[in-house]
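Analysis of the macromolecular model
Here's the letter readout for the chains.
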Amino acid sequence: MASIKSLLSGFLLLVGAAQALKFDLEATSSYHGNQRRCIRNFVNKDTLVVVTATLDGYKGDGMNVNMHISDSHGNEYGKAKDIAGEQRIVFTSHHDAAFDVCFENYLTGSKYVENPRRHVELDIDIGADAKDWSAIQATEKLKPLETDLRRIEEMVGEVVSEMDYLRAREQKLRDTNESTNNRVKWFGMGTTFLLIALWGWQIMYLRAYFRSKHLI
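Analysis parameters
Residues numbered from 1 in each chain as written. Predicted model: local features only at pLDDT ≥ 70, side-chain atom pairs only at ≥ 80, totals over all residues. Heavy atoms only, no water. UniProt positions renumbered as here; feature names shortened; annotations may be inferred. Phe/Tyr/Trp six-rings, centres within 6.5 Å; stacked < 30°, edge-to-face > 60°. Buried < 20%, exposed > 50% of the residue type's maximum accessible area, 1.4 Å probe, protein only. Disulfide = S-S within 2.5 Å. Helix = DSSP H or I, 4+ residues; strand = E, 2+ residues; numbered from the N terminus. Expected span 1.5 Å × (residues − 1).

Named according to an unreviewed UniProt entry, the protein chain is Emp24/gp25L/p24 family/GOLD-domain-containing protein originating from Sordaria brevicollis. Comment text from UniProt for the protein chain, heading Subcellular location (unreviewed entry), reads "Membrane". Under the UniProt heading Sequence similarities (unreviewed entry), the note attached to the protein chain is "Belongs to the EMP24/GP25L family."

**Some thoughts on the packing of aromatic side chains**
Applying the stated criterion across every chain yields a total of 6 aromatic pairs. With a centroid separation of 5.7 Å and an interplanar angle of 80°, the aromatic rings of phenylalanine 91 and phenylalanine 99 are classed as edge-to-face. Each member of the pair, phenylalanine 91 together with phenylalanine 99, is buried. Of the aromatic side chains, those joined through ring pairs into one cluster are Tyr77, Phe91 and Phe99.

**What about the state of the cysteines?**
Applying the stated criterion across every chain yields a total of 1 disulfide. The disulfide that involves cysteine 38 links it to cysteine 102, with 2.0 Å between the sulfurs. Taking the sign of the S-S torsion, about 110° here, the bridge from cysteine 38 to cysteine 102 comes out right-handed. Remark: cysteine 102 occurs in strand S7 (residues 97-107) and cysteine 38 occurs in strand S2 (residues 37-43); sequence separation between them is 64 residues.

**Quick look at helix H3 (residues 144-212)**
With 69 residues, H3 extends 101 Å between its outermost C-alpha atoms, agreeing within 8% with the 102 Å of an ideal straight helix rising 1.5 Å per residue. Looking at the residues trailing H3, positive phi occurs at histidine 214, about 60°.

**Focus on unusual backbone geometry**
A positive phi angle is found at aspartate 46, which is not glycine, with a value near 60°. Considering the arrangement of structural elements, one finds aspartate 46 in the loop between S2 and strand S3 (48-55). With relative accessibility at 57%, the residue aspartate 46 sits in the exposed group. The phi dihedral of aspartate 82 falls on the positive side, at around 50°, and the residue is not glycine. Turning to its location among the elements, aspartate 82 is positioned in the loop between strand S5 (76-80) and strand S6 (85-92). Using a relative accessible area of 23% as the deciding quantity, one classes aspartate 82 as partly exposed.

Following this line, the structure appears as C-alpha cells:
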C-alpha cells in the first residue's frame, strides 16, 4: 500500500512540475511600442484554469508589469496591472481553443533601474490540477489515497476527452479532404469536357469558314 501511495504521489508531483515555467521579463520603454511575452496553452471548453504568476521586485521599483489572458476567439479572461509578488487569475474556458498568458514590462521613468528585468515564475493548472483537492478531501472526508485516486481518475478522463476531441477533429479534416478531392475531380472532368467541346466547335467553325471561301 505504501509503495502504491508513493507511486501515485510521484506521478502527481511529476505532472504538476511539468506545468511550471520560469523566465526573465525585460523592461522596455513605452516609446518602443507594445512588446509582449506570451505563453500559449490549449484548453477544452468549460474547463477550470488557474493561472498563478509569481514575480520578484515590488511596486514602485521603476517597472510596471501587466498581465493579460485571452483566447483565440477573442474572449478576455483577466487583466492585472502593475503586479508584483503573487498574482492569481481563475477562469472557466468558453471554447475549445488556445489561450495566451501575456506579460508586459515597462519602465515608468520614476527612478533609475540598474537591472531592468523581473523574474517570473508561471504556473498554469488546468482541469483536475486546478481544483483545491485539500478542500475536496476535507469536505467529502476522503483518505489521502482516495483523494489521489480521485484526482488521477479525473486526469485520465480529461485525457480521454481530449483524445475524443482530436479524433473528431481528425474525422472533420478527413471529410473536408475527401470533399475537396471530389470537387477537384469534378472540376477536372468539367474542364476536360469543356476543352473537348471547344476543340470540336473550333473544327466545325474552321471547316465552315474554309468552305465559305471555297478552299475545301
